[in-house]
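Structure assessment
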Amino acid sequence: MTAIDDTRRTTDDERLTALALSARGGEAAHLAAFAQAAYEDVRRFLAHLTDDRSADDLAQETFLRVLRSLPGFAGRSSARTWLLAIARRVVVDRFRAAAARPVVADLPDWQAAAERSRPHGLPGLEDRIVLADLLSAVPRERREAFVLTQVAGLSYAEAAALLGCPIGTVRSRVARARGQLVAALTGPYRCEDAG
């Protein structure tokens with residue numbers, strides 16, 4: 001990350017935090033401005049932790065929690081860090097809920113239905129599938145640290161605060177995730193020409 005990117009991130013974080021503080025009073029215009037400024041970061045983070053299809057539902061659930069918690073937001077950390085911590089808890093809660101109940105397909109040919117419902121013709125779909133597949137093989141702690149710092153653009157300190165661990169642990173997890181991804185892309189069994 002360059003000094004310009006770091007300055008831009010600080011300015012964006014300060015702006016988002018100011019919007020959150022102004023939205024605490026519950027005024028519709030302030031709430032809308034805050035939600036609009038924060039939505040894409042939250043949704044992108046959720047899409048990388050889960051999948052693109054679930055990200056919209058999880059973003060809605062995240063913002064419902066954010067709206068309930070917003071009056072108590074004091075600005076001790078950046079609003080981005082606060083939001084992503086809530087989003088991460090929403091994902092964890094969703095995984096716990098899913099693990100507690102069995103999945104039942106109510107269709108005779110559920111695989112065909114799933115194939116038909118997938119969006120077609122989106123640019124970079126294959127790349128996103130490959131990235132999602134590669135990231136799914138990375139252990140959760142490493143994947144979270146990698147997505148927060150390399151995809152969502154948080155600093156290592158912000159990611160450490162969000163994950164509740166030391167900065168060195170975040171650095172180690174990111175390095176190991178990066179190494180695992182590189183190994184998966186360049187491994188001896190990976191062949192780009194295989195079809």
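Residues numbered from 1 in each chain as written. Predicted model: local features only at pLDDT ≥ 70, side-chain atom pairs only at ≥ 80, totals over all residues. Heavy atoms only, no water.

- If you look the protein up in an unreviewed UniProt entry, it shows as RNA polymerase sigma factor from Spongiactinospora gelatinilytica.
- The annotation that UniProt attaches to the protein under Sequence similarities (unreviewed entry) is "Belongs to the sigma-70 factor family. ECF subfamily." (UniProt positions renumbered as here; feature names shortened; annotations may be inferred.)

**Remarks on the overall build of the protein**
- Counting its secondary structure elements, the protein contains 9 helices and 0 strands.
- Along the chain direction, N to C, the helices and strands of the protein fall in the order α-α-α-α-α-α-α-α-α.
- For the protein, the residues scored as buried account for 33% of the 195 residues in total.
- A sequence separation of at least 24 residues applies to 63% of the contacts in the protein between residues at least 6 apart.
- With an accessible surface of roughly 12100 Å², the protein has 55% of that area assigned to carbon and sulfur atoms. (Helix = DSSP H or I, 4+ residues; strand = E, 2+ residues; numbered from the N terminus. Buried < 20%, exposed > 50% of the residue type's maximum accessible area, 1.4 Å probe, protein only. Contact = heavy atoms within 4.5 Å. Areas by Shrake-Rupley, 256 points an atom, 1.4 Å probe, with all protein chains shown as cover.)

**Some remarks on the packing of aromatic side chains**
- Summed over all chains, the structure comprises 2 aromatic pairs.
- Consider the rings of Tyr 39 and Phe 63, whose centres lie 6.0 Å apart with planes at 25°: the pair is stacked. Residue Tyr 39 is found in helix H2 (residues 28–49), and its partner Phe 63 is found in helix H3 (residues 52–69); the two are separated by 24 residues along the sequence.
- Classification of Phe 63 by relative accessible area gives buried; the value is 11%.
- For the ring pair Phe 73 and Trp 82, a centre distance of 4.7 Å and an interplane angle of 40° mean the geometry is tilted.
- Judged by relative accessible area, Phe 73 falls into the buried class, the value being 3%.
- Above the face of the Tyr 156 ring, Arg 171 is positioned so that its terminal group lies 4.5 Å from the ring centre. (Phe/Tyr/Trp six-rings, centres within 6.5 Å; stacked < 30°, edge-to-face > 60°. Lys NZ or Arg CZ within 6 Å of the ring centre and 35° of its normal.)

**Side note on the packing of H2 against H3**
- Packing of H2 against H3 leaves a shortest axis separation of 9 Å and a crossing angle of 140°. Considered as vectors, H2 and H3 are oriented oblique to each other. Of the two possible hands of crossing, H2 and H3 adopt the one that is right-handed. On H3, the residues that touch Leu 31, Phe 34, Ala 35, Ala 38, Tyr 39, Val 42, Arg 43, Leu 46 and Ala 47 of H2 are Asp 52, Ala 55, Asp 56, Leu 58, Ala 59, Thr 62, Phe 63, Val 66 and Leu 67.
- Classifying every residue of the contact of H2 with H3 gives 14 nonpolar, 1 polar and 3 charged. (Axes fitted to C-alpha atoms, helices over the stretch in contact; angles between N-to-C directions. Parallel < 35°, antiparallel > 145°, perpendicular 65-115°, else oblique. Left-handed = near helix turned anticlockwise from the far one by under 90°. Nonpolar A, V, L, I, M, F, W, Y, C, P; charged D, E, K, R; others polar.)

**A word on helix H8 (residues 156–163)**
- Among all positions in H8, only Glu 158, Ala 159, Ala 160, Leu 162 and Leu 163 are buried.
- Positive backbone phi, approximately 70°, marks Gly 164, located one or two places after H8.

**Focus: the nonpolar core**
- Among the nonpolar cores identified, the biggest contains 44 residues, and Phe 34, Leu 46, Trp 82, Leu 83, Leu 148 and Val 170 are the most heavily contacted of them.
- Shared between two domains, this core holds at least three residues of each, these being domain 1 (1–101) and domain 2 (121–187).
- Once you skip the residues sitting within four places of it in the chain, Leu 83 turns out to touch Leu 16, Phe 34, Ala 38, Val 42, Thr 62, Phe 63 and Val 66. (Core = buried A, V, L, I, M, F, W, Y, C linked by side-chain atoms within 4.5 Å. Domains from an automatic or database assignment.)

**Things to note about H3**
- Taking 1.5 Å per residue, 18 residues should reach 26 Å; H3 reaches 25 Å between its end C-alpha atoms and fits that length.
- Of the residues making up H3, those classed as buried are Ala 55, Leu 58, Ala 59, Thr 62, Phe 63, Arg 65 and Val 66.
- For H3, the N-terminal capping position is held by Asp 51, with its side-chain oxygen 3.0 Å away from the main-chain nitrogen of Arg 53. (Expected span 1.5 Å × (residues − 1). Polar contact = N/O pair within 3.5 Å; in protein donor to acceptor, adjacent residues only side chain to side chain.)

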